[in-house]
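Listed here are the chains, written in short residue letters.
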Amino acid sequence: MAVFGTGAATTSYEELEHTDLIIAWGSNTQECHPIIFNHMRRGIKNGAKMIVIDPRKIDQTKLAEKWLPVRVGTDIALANAMGHVIIKENLYHKEFVEQATEHFEAYKQAVEKYSPEEAEKITGIKAEDIREVARMYAKADRAIINWTLGITEHHNGTENVFALINLALLTGHIGKYGSGLNPLRGQNNVQGGGDMGALPNRLTGGWDFDDPEGTKLFEKVWGVPVPPKEGKHQSAMLDAMDKKEIRALYVIGENPVQSDANGNHVKSLFEGLDFLVVQDIIMTKTARMADVVLPGAASWIETDGTFTNGERRVQRVRQGLKPPGEARPDHVIVQDMANRMGANWNYSSAEDIWNEIRLVAPNFAGITYEKMDKFGGIQWPCRDADDSDRGVKYLHERLWSDTNEKKAPFHPVEYQAPIELPDEDYPFQLTTGRRLQFYNTGVQTQDYKKIKNAEEYLEICEADAKKLGLADGDIVKVSSRRGEVTVKTKISKKMSPGLVFMTFHFPELAETNVLTINAIDPKAGTAEFKSCAVRIEKVEQAAS
């Protein structure tokens, strides 16, 4: 948002099929975003080349023109080195940089010291490979950078994103069809949640909470003043719970006791609350700790409403089943809660709520239920309710206009190592992620009956397993400075020496997040799930 005014993807999924270069940076797209990966696969079939930048040799490297096995947490050094090459070799888009950007000289100065040779020492990637990929990106007519949690789940995740945006500004790969920046969303409707104001510093539609024009509009529609105080993101809420500043919590559709880093600490914070309300469709571990559980309806099948996907497409959701028992749609429960506290909300349907959203969010003003039904969803911005306005496929075309007055700033950033690196006591680096068959903390998927490998395991390379005297399937104790788990080993060709991998899909079997570190990105509030130091010890099994 600091660069373009919105954190949304700048391109559409279809553009992945019609681009020349696809970069998947910190994104195991094939397993974590299989639908989007189908678009990438079609793009490759149409002639696009793919570059995969990931510490693990994930399966999608088989389709890649180039795989860069970047060391965990060194992405800024790599991105800055690519920028260094592009500037040194005079490959940057001078006209675009001059017309559409600002602070280029500061960026140029910042990347000067990140030669490919210096970056090789930090990232582990050969200098010539850095040069080759930088040239491929700069010379491509159309190129799209895609990233996910491998970029953002670090203590400096926001700076990681700036490093990638800088590359797009440098080369002009933004604001035109087939070129852009795609943050692939980690869960369904993440984009929609942010668009609706589920951020501590935003109002519905992306307004800053203290934007004078926005607050004036909201106060006109709502008839009450907008609170002038910025809220807290989730990590800040946990800090406030630790300080006893927050004594009661209302959790909707979230399982923080098992999904947040440093899980033992998080559990103790929830145990210290005076009052906890959880609204969910499943009795998660967080719900089992609650004083009151409000049964919600499954939003994808038991309610009406809208979702917004990762390409900014607002789509209708229709009720196919009635909620079981006392379960009700979330908005019905929230409305009843508000009215019990003195409000006078009278929404009779999800469409009523959507029509109010259209009044306060100009980017959604033209998106009616009728148009969504007619055209299969609409990509915002869409400001006119007339059928001629069907939304926008790609954003920031204004940057190419001679009359553009709002330039996009470069944000120079410096490499910072992960907060916790391996040492003599904890000699391995643990990184976490997902597997294709399972989802998040497993409450919806861990009980599948006919899925292979429905268990947690520690992925480790053959060389490290041999040093530890481990065979495939051996039981090990994995310890960090915060906790320990017992888990099977899986010797994997995906892993490099010193690096191990686990998911958090089976917390009832192995609570991976008791190991992870709650080193927080101060801007985004995201914990460093992608890196912590661990020790691995073989558990001797008693003879049968």
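A brief structural summary. (Residues numbered from 1 in each chain as written. Predicted model: local features only at pLDDT ≥ 70, side-chain atom pairs only at ≥ 80, totals over all residues. Heavy atoms only, no water.)

## Digging into the sheet that holds strand β11 (residues 313–317)
- Ordered by their spatial adjacency, 3 strands build an open sheet running β10-β11-β12, and the pairing between neighbours is antiparallel. Two strands close off the open sheet at either side, each with one partner strand: β10 (305–308) and β12 (378–379).
- Sheet analysis places β10 next to β11, joined by 4 bridges and oriented antiparallel. Bridging from a neighbouring strand, T308 pairs with V314 of β11. (Pairing = 2+ DSSP bridges. Helix = DSSP H or I, 4+ residues; strand = E, 2+ residues; numbered from the N terminus.)

## Considering helix α2 (residues 34–45)
- The terminal C-alpha atoms of α2 lie 16 Å apart, and with 12 residues this matches the ideal 16 Å at 1.5 Å per residue to within 8%.
- Every buried residue of α2 is accounted for by I36, F37, H39, M40 and G43. Projection of α2 onto a plane perpendicular to its axis shows the buried side chains occupying an angular sector of 150°, all on one side. Facing away from the buried side of α2, by more than 90 degrees, are the exposed residues I35 and K45.
- Taken together, the buried residues of α2 touch β1 (21–25), α1 (29–32), β2 (49–53) and β5 (143–147).
- Residue G47 follows α2 closely and has a positive phi angle near 115°. (Expected span 1.5 Å × (residues − 1). Buried < 20%, exposed > 50% of the residue type's maximum accessible area, 1.4 Å probe, protein only. Arc of directions from axis to C-beta. Contact = heavy atoms within 4.5 Å.)

## Describing unusual backbone geometry
- Cis peptide bonds are those with omega within 30 degrees of zero, and the linkage from W380 to P381 qualifies with 5°.
- Although it is not a glycine, H103 adopts a positive phi angle of roughly 70°.
- For H103, the location among the structural elements is in the loop between β4 (101–102) and α5 (104–111).
- The exposure class assigned to H103 is partly exposed, which follows from its relative accessible area of 46%.

## Concerning the environment of E89
- Within the secondary structure, E89 is located in the loop between α3 (75–88) and α4 (94–100).
- Every residue in contact with E89, bar those within four places of it in the chain, is listed here: R131 and R135.
- Engagement of the side chain of E89 in a polar contact is seen with the side chain of R135, the distance being 2.8 Å. (Polar contact = N/O pair within 3.5 Å; in protein donor to acceptor, adjacent residues only side chain to side chain.)

## With respect to the sheet that holds strand β7 (residues 248–252)
- Read across the sheet, 3 strands follow the order β7-β8-β9 without closing on themselves; strand pairing throughout is parallel. Every interior strand has two partners, whereas the edge strands, β7 and β9 (292–295), have only one. The mean inter-strand angle of the sheet, taken between neighbouring strand axes irrespective of direction, is 10°.
- Examined bridge by bridge, β7 and strand β8 (residues 275–280) share 5 bridges and lie parallel to one another. For Y250, the partnering residue across the bridge sits in β8 and is V277.
- Contacting β7, β8 and β9, helix α16 (residues 330–340) crosses the sheet at an angle of about 150° to β7. (Axes fitted to C-alpha atoms, helices over the stretch in contact; angles between N-to-C directions.)

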